[in-house]
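# Coordinate analysis (summary)
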Amino acid sequence: MRALLLDEDEPFYQTAATQMQKYGVILDRLEPLHFKRALTKGQHYEFIFVEVFSEEQCHLELISQLKQYRPAARVYVLTSNPSISTAVVAIKLGAENYFSKTVAIDNWLPGCISQPTVSVVHSVDDLKWMHMKNVLTKANGNVTAAAKVLGITRRTLHRQINKHQNIRAVKDV
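Notes on the structure in this doc start here. What you see is a predicted model; the values in this text were computed from it and never measured.

Below, the discussion takes up the overall build of the chain. The helix and strand inventory of the chain stands at eight helices and five strands. Traced from its N-terminal end to its C-terminal end, the chain shows the element sequence β-α-β-α-β-α-β-α-β-α-α-α-α. Looking at the 173 residues of the chain, the share that counts as buried comes to 38%. In the chain, of all internal contacts separated by at least 6 residues, the share reaching a separation of at least 24 is 60%. Here the chain displays about 10600 Å² of accessible surface, and carbon together with sulfur accounts for 54% of that area.

What follows concerns the packing of aromatic side chains. Following the criterion strictly, the structure yields two aromatic pairs and no others. Ring geometry for Phe49 against Tyr76: centres 5.5 Å apart, planes inclined by 25 degrees, an arrangement best described as stacked. Here Phe49, found in strand E3 (residues 47-51), pairs with Tyr76, found in strand E4 (residues 74-79); they are 27 residues apart in sequence, far enough to count as distant. Of the two residues, Phe49 and Tyr76, neither departs from the other in class, the shared state being buried. On the basis of relative accessibility, which here comes to 4%, the residue Tyr76 falls in the buried class. In textbook terms, an aromatic cluster arises when at least three aromatic residues are bridged by ring pairs, as seen for Phe49, Tyr76 and Phe99. When the ring centre of Tyr13 is taken as reference, the NZ or CZ atom of Arg29 above it lies at 5.8 Å.

This part is about the pairing of strand E2 (residues 26-30). Pairing between strand E1 (residues 2-6) and E2: five bridges, direction parallel. Its bridge partner being in E2, Leu6 is matched across the sheet by Leu30. Chirality of the crossover, the property in question, places the unit of E1, helix H1 (residues 10-21) and E2 among those that are right-handed.

Below, the discussion takes up the sheet that holds strand E5 (residues 97-100). With respect to topology, five strands assemble into an open sheet ordered E2-E1-E3-E4-E5, the strand pairing being parallel. Looking at the sheet topology across the chains shown, the edges are occupied by E2 and E5. If you compare each strand with its neighbour and ignore which way they point, the axes differ by 25 degrees on average. Sitting on the sheet, H1 touches E1, E2, E3 and E4, and the angle it makes with E2 is about 165 degrees.

Another aspect to go through is the pattern of salt bridges. Applying the stated criterion to the full structure yields two salt bridges. Here Arg2 and Asp28 are joined by a salt bridge, their closest N and O atoms 3.0 Å apart. A residue pair is termed long-range when its members are at least 10 positions apart, and Arg2 in strand E1 and Asp28 in strand E2 qualify at 26 residues. Arg2 sits in the partly exposed class, given a relative accessible area of 24%.

Here helix H6 (residues 124-138) is 15 residues long and its end C-alpha atoms lie 21 Å apart, about the 21 Å a rise of 1.5 Å per residue gives. Inspection of H6 places Trp129, Met132, Val135 and Leu136 among the buried residues, and these make up the whole buried set. Buried residues of H6, viewed axially, fall in a sector of 125 degrees; they line one side. Residues of H6 that are exposed and point more than 90 degrees away from the buried face comprise Thr137 and Lys138. At the C-terminal side of H6, Asn140 shows a positive phi close to 55 degrees.

The next point concerns helix H7 (residues 143-150). Because each turn of an α-helix spans 3.6 residues, side chains separated by three or four positions in sequence point in the same direction. Where H7 is concerned, the buried positions are Val143, Ala146 and Ala147. Buried residues of H7, seen end-on, are gathered within an arc of 100 degrees and therefore sit on one face of the element. Facing away from the buried side of H7 by more than 90 degrees, the exposed set consists of Lys148 and Val149. Two residues or fewer after H7 comes Gly151, characterised by a positive phi angle close to 75 degrees.

Basis of the calculations
Residues numbered from 1 in each chain as written. Predicted model: local features only at pLDDT ≥ 70, side-chain atom pairs only at ≥ 80, totals over all residues. Heavy atoms only, no water. Helix = DSSP H or I, 4+ residues; strand = E, 2+ residues; numbered from the N terminus. Buried < 20%, exposed > 50% of the residue type's maximum accessible area, 1.4 Å probe, protein only. Contact = heavy atoms within 4.5 Å. Areas by Shrake-Rupley, 256 points an atom, 1.4 Å probe, with all protein chains shown as cover. Phe/Tyr/Trp six-rings, centres within 6.5 Å; stacked < 30°, edge-to-face > 60°. Lys NZ or Arg CZ within 6 Å of the ring centre and 35° of its normal. Pairing = 2+ DSSP bridges. Right-handed = clockwise from strand over helix to strand, strands pointing away. Axes fitted to C-alpha atoms, helices over the stretch in contact; angles between N-to-C directions. Salt bridge = Lys/Arg side-chain N within 4 Å of Asp/Glu carboxyl O. Expected span 1.5 Å × (residues − 1). Arc of directions from axis to C-beta.

Listed below in structure tokens is the structure:
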């Protein structure tokens with residue numbers, strides 16, 4: 001894996017590069033003003049770490065430019081001067097997360113390099129239907145017993161079953 005650090009802080013780069021090697025990440029460094037040169041060369045970076053404050057200016061605008069040049073790269077913000085308002089702006093511009101440089105690298109790096117998990121979000125109706133199916137299964141398909149456990153009438157449970165069978169039939173077509 002390869003990462004890019006856009007920062008003017010050479011001692012931090014040396015420390016970060018050493019720590020990242022433990023995780024199999026090769027870290028390159030550039031001054032924030034020269035980032036376009038690196039991105040147009042074709043070097044592929046999975047992770048880009050940006051120090052948003054330098055002695056001269058704020059580099060928050062780099063985040064959206066980085067996402068434009070390398071949409072697949074995961075951009076993280078590092079800063080010596082953390083603030084909630086800056087963190088909010090950074091996340092809105094496309095940063096994955098926001099870290100203080102004073103926090104030990106071992107505390108935040110493993111979370112950055114792990115693959116994000118995609119969680120399945122179910123609607124309330126889907127959750128309700130899954131629960132009804134589970135109760136029906138436990139009642140061995142007995143609608144009356146399942147309705148009693150669910151606290152609804154047998155007729156209401158029949159309507160729910162018919163509704164979901166119709167939805168499934170429409171999706172299959």
